[in-house]
Amino acid sequence: MIELSTDQKALQALGKALKQEADGKKLRRDLAREMRQALEPAKAEVRSSLMSMQSGGLPVDGPPLRTTVLKGLKAEARLSGRSTGARLRIKRTPGVRGFANAPKRLNRANGWRHKVFGRDVWVQQEGQPGYFDRALKSNAAKYRKAVLEAMEKTARRIARNTR
C-alpha cells in the first residue's frame, strides 16, 4: 500500500493558481510573448547589418531587396514539439524578382548570379556574407540569458500563485 500525504493549503493554492491561468493558455501566451521580446535586440542587430549591406545603385525591376527581406524577419517562440525554444527567422521571398531564397543567398560567401537589368548579361553578385550569423553570434550569450530570464519569470509567476 502506498500512502501519499500533502499539505492541503498548498494543494488548494495550486488549484486556485491553475484556475487563474485558465488551463495555461494565458500563461503560455505570455511566456511566448516574453521570449519573442527577449530577441528584439537581436532582431535590431540583424536589421542594421542587412541595411548596411552595399547596394549596387543600379535600377532594378521590382521592389528593393533588403527591405523586402526584412519584412520576413520574425522572432519566434515555440513551447512544444521538437524545435522548442526561441529563434529569429527570415521567411523566403518568392515574389522578389524571381529570387525565392534571397535571405539565404545574401548570407552566402559565393552570393548569387543574376541578369543585368536591361541587358542579356549575367553577373555574379555577393551579398554580405554572415550578415545574419555574425550579428547573432557576437551576443548569443546575452540573448540566451534574456530568454532564460523570461522562463524564470514565468516560473516565479507560477510559484507566486501557488503560495
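Residues numbered from 1 in each chain as written. Predicted model: local features only at pLDDT ≥ 70, side-chain atom pairs only at ≥ 80, totals over all residues. Heavy atoms only, no water.

Trainee: Break down the overall build of the protein for me, with residues and values.
Mentor: Scanning the protein for helices and strands turns up 7 helices and 4 strands. The burial tally for the protein puts 30% of its 163 residues in the buried class. Within the protein, contacts between residues at least 6 apart in sequence are counted, and of these 57% link residues at least 24 apart. Surface exposure of the protein reaches about 11,600 Å², of which carbon and sulfur atoms provide 53%. (Helix = DSSP H or I, 4+ residues; strand = E, 2+ residues; numbered from the N terminus. Buried < 20%, exposed > 50% of the residue type's maximum accessible area, 1.4 Å probe, protein only. Contact = heavy atoms within 4.5 Å. Areas by Shrake-Rupley, 256 points an atom, 1.4 Å probe, with all protein chains shown as cover.)

Trainee: Can you break down the nonpolar core residue by residue, with the values?
Mentor: Across soluble globular proteins, you tend to see nonpolar side chains buried next to one another. Residues Leu 65, Val 69, Leu 106 and Tyr 131 are the most contacted members of the largest nonpolar core, which totals 28 residues. Beyond its immediate sequence surroundings of up to four residues, Leu 106 is in contact with Leu 50, Met 53, Leu 65, Val 69, Trp 112, Gly 127, Gln 128, Pro 129 and Tyr 131. (Core = buried A, V, L, I, M, F, W, Y, C linked by side-chain atoms within 4.5 Å.)

Trainee: Kindly report on the pairing of strand E3 (residues 112-115), identifying the contributing residues and their values.
Mentor: Bridge count between E3 and strand E4 (residues 122-125): 4 bridges; the pairing is antiparallel. From the neighbouring strand, Arg 113 faces E4, where its bridge partner is Gln 124. Here E3 folds back onto E4, and the loop between the two strands holds 6 residues, one of which, Gly 118, carries a positive phi near 80°. (Pairing = 2+ DSSP bridges.)

Trainee: Lay out the packing of aromatic side chains with the relevant residues and their values.
Mentor: Evaluation of the coordinates by the stated rule reveals 1 aromatic pair. With centroids separated by 6.3 Å and ring planes inclined at 75°, the aromatic side chains of Tyr 131 and Phe 132 adopt a geometry described as edge-to-face. Given a relative accessible area of 1%, Tyr 131 falls into the buried group. (Phe/Tyr/Trp six-rings, centres within 6.5 Å; stacked < 30°, edge-to-face > 60°.)

Trainee: So what's going on with the confidence of the model for the protein? Which residues, and what values?
Mentor: Looking at the protein as a whole, its pLDDT mean stands at 78, while 78% of the residues score no less than 70. Within the model, the stretch residues 1-6 combines pLDDT values under 50 with 1 contact to residues more than four positions away or in other chains. (pLDDT = per-residue confidence, 0-100.)

Trainee: Give me the pairing of strand E2 (residues 85-90): which residues, what numbers.
Mentor: Of the pairings in the sheet, the one linking strand E1 (residues 73-78) to E2 comprises 6 bridges and is antiparallel in character. Bridging across to E2, Ala 75 finds its partner in Leu 88. Counting the residues that bridge the hairpin from E1 to E2 gives 6 residues, and of these Gly 81 lies at a positive phi of roughly 90°.

Trainee: So, the pattern of salt bridges: which residues are in play, and what are the values?
Mentor: Applying the stated criterion across every chain, the model contains 7 salt bridges. The residue Asp 30 makes a salt bridge to Lys 26 at a minimum N-O spacing of 3.2 Å. One end of the pair is Asp 30 and the other is Lys 26, both in helix H2 (residues 25-38) and 4 residues apart, which spans about a single turn. For the salt bridge of Arg 157 with Asp 30, the shortest nitrogen-to-oxygen distance reads 2.8 Å. One end of the pair, Arg 157, is in helix H7 (residues 140-161); the other, Asp 30, is in helix H2, and 127 residues separate them in sequence. Exposure class is identical for Arg 157 and Asp 30. Each is buried. (Salt bridge = Lys/Arg side-chain N within 4 Å of Asp/Glu carboxyl O.)

Trainee: Lay out the side chain of Lys 43 with the relevant residues and their values.
Mentor: Inspection of the secondary structure assignment puts Lys 43 in helix H3 (residues 40-51). For Lys 43, the contacting residues outside a window of four places in its chain are Leu 73 and Leu 88.

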